[in-house]
Amino acid sequence: MRRLGLVSRFAVLSALVIGVLGFALARIIGTEVTNRNLASARQTAVIVSRVVVQSRLTPDQLTHGLSPTAIAEVNRSLQPLLADGALARIKIWNTDARVVYSDDASINGRRFPSDDGLADALEGETSSEVSDLAGAENTQDRSSDDRLLEVYTPIRLSGDAKPEGAFEIYVPYAPIASGIHHDVLQVWVVLVAGLALLWLALSRIVLGASRRLRTQMQRNEYQTSHDSLTDLLNRPRFDERATIALRDADARGGTAHVAVLLMDVNRFRDVNEVLGHTFGDVVLQELGRRLTDAVGGAPVARLGGDEFAVLLTEVSGAAAACELATRLLGVFREPFTLDSLPVELEASIGVAMSPEHGTDAAALLQRADMARYEAKRAHTGVEMFTVERDGTSRNRLTMLGELRRAIENDELLLYYQPQLDLRTGRVSGFEALLRWDHPARGVITPGDFLPLAEHTGLMRPLTRRVLELAARQSREWRAVGVRLPVSVNLSAANLHDADLPTFVSELLRGEELPADAFTFEITESVIMHDSTRATEVVGALRNLGARISIDDFGTGYSSFAYLQQLSVDEIKVDMSFVLGMVDNADDATIVRTTIALGHNLRLEVVAEGVESSDALAMLREMGCDIVQGYWLSRPLPGREALEWFRRHARPIPKAAGRFSSAQ
């Protein structure tokens, strides 16, 4: 038996509650209607007795009985009322419980035992009850209501408080019952109609709210599982679909394979730089539509930036997967048109299949990414992951596994390079630089493993580990009085991580650090990779209170347009220009122009790669704000960086030579 839904349960329960409430109200109101009708009948009987009869009575008659003349006069007065049925019977009692008058003359002058109604009337109270006296002789036909309303009311002739007698009046009950039935029926009709309308109104409100809630939940679920720009699946949902497909394929057995096609646009950055990110977004949306049409119902996802993935749940083999990948190259090559301007794109596609290349979604995506990397390097368009044919892939795969374990086993280290504020001569902060303390290879610099992490989805856990290490070191320094910001580099993958600002906020709160304890460095290429997403994530970090720095400034083409949009705090002149400016006038011009630009935009300017006193003197003359480089110090482990800072805590003289710790 199907369980009732929320709205159905509400409908049933509310109908039950309203029904019970309506029944109770009807009973209460019905009782009140009955009582009012009976009271009205009693009042009518009292008025008749007092107006028609009581005015003809005297105290002496109540004591000794009515004379024949008085009886005849009372009979004449009551005859019309008795004849048309307004009254059925009437008696007049004195205080001795003797009948001094009755429409039934045979009982005049007789004394009867006093009942409760008569006793109440002789005490001054009006009372009534419904009796069945009139039907005693009519037992054959009981189709009509022949009951009587028996009313006892006191008689006061002299105005004294104590009654001098009592009326016993019988009124036909049928008209009263008919009035009660009519009024109660009206009450039921009004109640049923009113409560039914109330139930319908409540049901419509709840049904409408339920539909809106269900629609919103569906919308929220859709948004959490789809890319906001292209409406394709996002990375988590694609992983989920791939995991289900792999489980189903394993259960079926046989020769069917699951394949992952991972693809991106070659030099998509150029599209954004030349035509603008608005056109870039249009291209990505159109690519999403084309890929969806081309794969015939297979799941398609946008993993971030210009990166797309296709999941083939039942493919016969490598040849079929590569054939589809080759056809998908045509999707990218078909020209895109904006304002009559045709733009042709090229793509690189990597293919990985289960079970040959992996049995879980993460492994297939990693191997497809390696194949895509090879396709891009070799300019072949499509490559199938093949470990036996590609020793480099084996090495990359081995390092990938080791890097994943390094994150889990706490093999990552941070070194810190100090930054000098030329305006004050004091150390203004440290840049955190990552090192991998490999158990067999020793310390590995980031250039040997960061590209691998960027292409295999490890940048998110890697960066979060770096942030944890930097926050812990900053807290330790602040505990001994060193309150300097730490700069941390973010990659393109980090700016696709919408949860990064929340992670940073919780990390700062857990380590009891202010938001400005971090400066986040982002390269121009990272911004241009996906400017829309970069703006969102960087804006959220900026709103926390963190500082934002543009690293390697001067090597891109379009960063000028985003400096104010991203609320940047500083720019870092690319090291290549600083290293060459002493001997190369063009490099010196670029550095000088960059410093002037930064100051005009009210930004601080940092120069990295300062390795000589001549370079330092030129930067000071150009008005550069902050410098870092081997002239000041090599990157140092946390404890050594603290010792270095303590040795150089005083302002550094402008004529200072190379620092001893830099040797």
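### Examining the packing of helix α6 (residues 235–252) against helix α10 (residues 361–378)
Argument step 1. In contact at an axis separation of 9 Å, α6 and α10 are set at 110 degrees when each is read in the N-to-C sense. Here α10 runs roughly perpendicular to α6, going by the angle between their axes. Residue-level inspection shows R235, F238, D239, A242, T243 and L246 of α6 in contact with α10, the latter providing A361, L364 and L365.
Argument step 2. When grouped by side-chain class, the residues that make up the contact of α6 with α10 number 6 nonpolar, 1 polar and 2 charged.

### A word on the packing of helix α18 (residues 585–600) against helix α19 (residues 613–622)
Argument step 1. At their nearest, the axes of α18 and α19 sit 10 Å apart, and the two run at 40 degrees to each other. Taken together, α18 and α19 sit at an angle that is classed as oblique. The handedness of the crossing between α18 and α19 is right-handed. Touching A588, V591, R592 and I595 of α18 are M618, L619, E621 and M622, all from α19.
Argument step 2. Across the contact of α18 with α19, the residue classes break down as 6 nonpolar, no polar and 2 charged.

### Let's talk about the nonpolar core
Argument step 1. One finds L462, L467, F518, F520, V591, L619 and V627 to be the most contacted residues of the largest nonpolar core, which totals 83 residues.
Argument step 2. The leading source of residues in this core is helix α13 (residues 459–479), at 8 residues.
Argument step 3. Not counting the four nearest positions on each side in its chain, L619 is found in contact with L422, V578, M581, V591, I595, A607, V610, C624 and V627.
Argument step 4. Among the nonpolar cores identified, the runner-up in size contains 35 residues, and L261, L284, F308 and M353 belong to it.

### A look at the pairing of strand β13 (residues 412–421)
Argument step 1. Burial analysis of β13 places 9 of its 10 residues in the buried class, the great majority of the element.
Argument step 2. Taken together, the 10 bridges between β13 and strand β14 (residues 426–438) define a ladder with antiparallel strand orientation. Looking across to β14, one finds that Q417 is bridged to E431.
Argument step 3. Here β13 folds back onto β14, and the loop between the two strands holds 4 residues, one of which, G425, carries a positive phi near 75 degrees.
Argument step 4. Of the strand pairs in this sheet, β13 and strand β22 (residues 636–637) are connected by 2 bridges, and their pairing is antiparallel. From the neighbouring strand, Y415 faces β22, where its bridge partner is P637.

### Side note on the layout of surface pockets
Argument step 1. Here the second largest pocket is characterised by a volume of approximately 780 Å³.
Argument step 2. Lining the second largest pocket are 34 residues, with E431, A432, L433, P446 and N489 sitting closest to its centre.
Argument step 3. No other element matches β14, which puts 5 residues into the lining of the second largest pocket.
Argument step 4. Looking at side-chain class alone, the lining of the second largest pocket contains 16 nonpolar, 10 polar and 8 charged residues.

### Details of a negative patch on the surface
Argument step 1. On the surface, D115, D116, D120, E123, E125 and E129 cluster together into a patch of negative charge.
Argument step 2. Summarising the element assignment, E129 is placed in strand β3 (residues 127–131).
Argument step 3. Classification of E129 by relative accessible area gives partly exposed; the value is 45%.

### Focus: the pairing of strand β16 (residues 486–490)
Argument step 1. Among the 5 residues in β16, 4 count as buried, and that is most of the element.
Argument step 2. One ladder, built from 2 bridges, connects β14 with β16; its direction is parallel. Following the sheet pairing, F430 is matched in β16 by V486.
Argument step 3. Relative to strand β17 (residues 518–523), β16 runs parallel, the two being bridged by 5 bridges. Looking at the pairing, L490 lines up with I522 of β17.

### Some words on the sheet that holds strand β4 (residues 148–155)
Argument step 1. Taken in spatial order, the 5 strands make up an open sheet running β2-β1-β5-β4-β3, and their pairing is antiparallel. Of all strands in the sheet, those bounded by a partner on one side alone are β2 (99–102) and β3. Taking the axes of each pair of neighbouring strands and ignoring which way they run, one obtains an average angle of 20 degrees across the sheet.
Argument step 2. Two elements, β3 and β4, share 5 bridges in a ladder whose sense is antiparallel. Bridge pairing in β4 links S128 to V151.

### Overview of the pattern of salt bridges
Argument step 1. All told, the structure shown has 26 salt bridges when counted by the stated rule.
Argument step 2. Beyond isolated ion pairs, a larger network of salt bridges with shared partners links D421, R423, R547, E570, E604 and D625.

### Considering helix α8 (residues 277–294)
For an α-helix, 3.6 residues make a turn, and residues three or four places apart therefore share a direction.
Argument step 1. Look at α8: 25 Å from first C-alpha to last across 18 residues, which is about the 26 Å you get at 1.5 Å a residue.
Argument step 2. Following α8 by one or two positions, G296 has its phi on the positive side, about 65 degrees.

Conventions adopted
- Residues numbered from 1 in each chain as written.
- Predicted model: local features only at pLDDT ≥ 70, side-chain atom pairs only at ≥ 80, totals over all residues.
- Heavy atoms only, no water.
- Axes fitted to C-alpha atoms, helices over the stretch in contact; angles between N-to-C directions.
- Helix = DSSP H or I, 4+ residues; strand = E, 2+ residues; numbered from the N terminus.
- Parallel < 35°, antiparallel > 145°, perpendicular 65-115°, else oblique.
- Contact = heavy atoms within 4.5 Å.
- Nonpolar A, V, L, I, M, F, W, Y, C, P; charged D, E, K, R; others polar.
- Left-handed = near helix turned anticlockwise from the far one by under 90°.
- Core = buried A, V, L, I, M, F, W, Y, C linked by side-chain atoms within 4.5 Å.
- Buried < 20%, exposed > 50% of the residue type's maximum accessible area, 1.4 Å probe, protein only.
- Pairing = 2+ DSSP bridges.
- 1 Å grid on protein atoms, 1.4 Å probe; cavity = no way out; pocket = protein on both sides within 12 Å on 5 of 7 lines; lining within 4 Å.
- Points joined across faces, edges and corners; volume = space filled by probe spheres on them.
- Patch = residues over 30% accessible without salt bridge, like charges linked within 9 Å, V, L, I, M, F, W, Y side chains within 5 Å.
- Areas by Shrake-Rupley, 256 points an atom, 1.4 Å probe, with all protein chains shown as cover.
- Salt bridge = Lys/Arg side-chain N within 4 Å of Asp/Glu carboxyl O.
- Lys, Arg positive; Asp, Glu negative; His and termini not counted.
- Charge placed at Lys NZ, Arg CZ, Asp CG, Glu CD.
- Expected span 1.5 Å × (residues − 1).

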